[in-house]
Amino acid sequence: MINREKSLTLLKGHIQAENLIKHCLATEAIMRKVAQRLGKEVELCGLTGLLHDIDLEITRDDQSKHALVGADLLEKEGFPQEALQAIRAHNGERLGIERQTEFEHALAASETITGLIVATALVQPEKKIANVKIKSVTKRMKEKRFAENVNRDIIKECELFGIPVEDFVALSITAMQGIADDLGL
Ligand SMILES: [Fe+2]
């Protein structure tokens, strides 16, 4: 399997949009923390998070291919089946794939919570991730109209891999704070 440096080069070779790169970096950071907590392979989980949306610009005009194209691409880079399936399943709603494993739920929940945390940071005066509190995010989570395209049910899948929502929020904020400069937040 390719290393982190090659993974980032591969990602940047396929994704132009800076915000999307940031989303991928945030997902990676959260997946690493989740893997540590669950005792899973940190590097594999991290790189799967980093690369989960690699095909998003290729499949822009046909969302029914999003994640399938990416999984094929990463298969060629030596990613194991469990990671490829997690990538496909993160677009499971559209592809008709049901998420089953902890890995699959972890990727979907991690990539989804990034949006809620960024949105929470951006409505604060300083727009800094350093100032984002667990309570602000859990409160925003209950406000349906806030960042309404963020699917709360997918975030709650964290419970299916044994992390309560509040813990998952805390872990995700900490993960993103660790790469604040990269995120520009
Ligand atoms: Fe994503």
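Shown above is the structure to which this text applies.
Just so it is clear, the model here is predicted, and its values are computed rather than measured. (Residues numbered from 1 in each chain as written. Predicted model: local features only at pLDDT ≥ 70, side-chain atom pairs only at ≥ 80, totals over all residues. Heavy atoms only, no water.)

Considering the state of the cysteines
Keep this limit in mind: Any pair of cysteine sulfurs within 2.5 Å is marked as a disulfide. Exposure is judged per residue with a 1.4 Å probe applied to protein chains only, and the accessible area is read against the type maximum: over 50% gives exposed, under 20% gives buried, and values in between give partly exposed.
Applying the stated rule across the entire model yields zero disulfides. With no disulfide partner, C24 has as its closest neighbouring cysteine sulfur the one in C45, 16 Å distant. Among the residues examined, C24 registers a relative accessible area of 0% and is labelled buried. Here C45 stays free of any disulfide, with the sulfur of C158 as its closest cysteine sulfur at 15 Å. Judged by relative accessible area, which is 8%, C45 ranks as buried.

Observations regarding empty space enclosed by the protein
Formally: In this analysis, the protein atoms alone were mapped onto a 1 Å grid. Cavities are point sets where a 1.4 Å probe fits without being able to get out; pockets are open sets with protein on both sides within 12 Å along at least five of seven lines; lining residues have an atom within 4 Å of a point. Grid points are joined across faces, edges and corners, and a volume is the space filled by probe spheres set on the points. Comment: elements are numbered from the N terminus, with helices defined as DSSP H or I runs of at least four residues and strands as E runs of at least two.
This model, assessed by the stated rule, comprises one cavity of 30 Å³ or more. Within this model, the largest cavity holds a volume of roughly 40 Å³. In terms of lining residues, the largest cavity is bounded by M31, V34, A35, L38, K40, C45, E102, F103 and A106. Secondary structure elements with two or more residues in the lining of the largest cavity: α2 (18-38) and α7 (102-122). When residues of the lining of the largest cavity are assigned to their parent elements, the largest contribution, four residues, is made by α2.

Focus on the layout of surface pockets
Rule in force here: Put simply, Ala, Val, Leu, Ile, Met, Phe, Trp, Tyr, Cys and Pro go in the nonpolar bin, Asp, Glu, Lys and Arg in the charged bin, and everything else, Gly too, in the polar bin.
Size it by volume and the largest pocket reaches roughly 720 Å³. Surrounding the largest pocket, 26 residues form its lining, H23, E111, T112, T114 and G115 being those nearest its centre. Contributions of two or more residues to the lining of the largest pocket are made by α2, α6 (92-95) and α7. Per-element accounting of the lining of the largest pocket gives the leading share, six residues, to α7. Among the residues forming the lining of the largest pocket, the class breakdown is ten nonpolar, twelve polar and four charged.

Quick look at the packing of aromatic side chains
Rule in force here: Classification of ring pairs rests on two measures: the distance between centres of Phe, Tyr or Trp rings, Trp counted by its six-membered ring, which must be within 6.5 Å, and the angle between planes, read as stacked under 30 degrees, edge-to-face over 60 and tilted in between. In this scheme, the term charge over a ring applies when either NZ of a lysine or CZ of an arginine sits within 6 Å of the ring centre and within 35 degrees of the ring normal.
Enumeration over the complete set of coordinates arrives at one aromatic pair. For the pair F161 and F168, a centre-to-centre distance of 5.9 Å together with 85° between the ring planes defines the contact as edge-to-face. On the basis of relative accessibility, which here comes to 2%, the residue F161 falls in the buried class. For F168, a relative accessible area of 0% corresponds to the buried category. Here R140 stacks its cationic end above the ring of F146, 4.4 Å away from the centre of that ring.

As for helix α1 (residues 4-14)
The criterion, for reference: Here the arc refers to the set of directions running from the helix axis out to each C-beta atom. What qualifies as a polar contact is a pair of N or O atoms within 3.5 Å, subject to a donor-acceptor requirement within protein and to the restriction that residues adjacent in sequence count only when both atoms come from side chains.
Along α1, the positions that sit buried rather than exposed are S7, L8, L10 and L11. With its buried residues spanning 160° around the axis, α1 presents them on a single face. Seen from the open side of α1, the exposed residues pointing more than 90 degrees away from its buried face are E5, K6, T9 and G13. You can read the cap of α1 off the contacts: a side-chain oxygen lies 3.2 Å from the backbone nitrogen of E5, and it is on N3.

A word on the pattern of salt bridges
Oppositely charged side chains are able to pair whenever their charged atoms sit close together. Here is the rule: In what follows, salt bridge is the name for a side-chain nitrogen of Lys or Arg lying within 4 Å of a carboxyl oxygen of Asp or Glu.
Applying the stated criterion across every chain yields a total of ten salt bridges. Among the ionic pairs, E102 bridges to K40, the shortest N-O distance being 2.9 Å. Residue E102 is found in helix α7, and its partner K40 is found in the loop between α2 and α3 (42-51); the two are separated by 62 residues along the sequence. When its relative accessible area of 37% is taken as the criterion, K40 is described as partly exposed. In this structure, a network of salt bridges that share partners links the residues R4, E28, R32 and E43.

Things to note about the coordination of the iron ion
Defined as follows: A 2.8 Å cut-off from the metal defines N, O and S donors, relaxed to 3.2 Å for Na, K and Ca; water is not in the atom list, so some sites may appear incomplete. All geometry calls rest on donor angles, where a four-donor set with angles between 85 and 135 degrees is tetrahedral, four- and six-donor sets with opposite donors more than 155 degrees apart and all others between 65 and 115 are square planar and octahedral, and all else is irregular.
Taken together, H23 (NE2), H52 (NE2), D53 (OD) and E111 (OE) make up the full set of protein donors to the iron ion, lying 1.8 to 2.2 Å away. Around the iron ion sit four donor atoms; with metal-centred angles ranging over 91 to 160°, the donor geometry is irregular. Every donor residue of the iron ion comes from the same chain, spaced as H-x28-H-D-x57-E. In this pair, H23 is assigned in helix α2 and H52 in the loop between α3 and α4 (68-76), connecting sequence segments 29 residues apart. Across this residue pair, the class does not change: H23 and H52 are buried.

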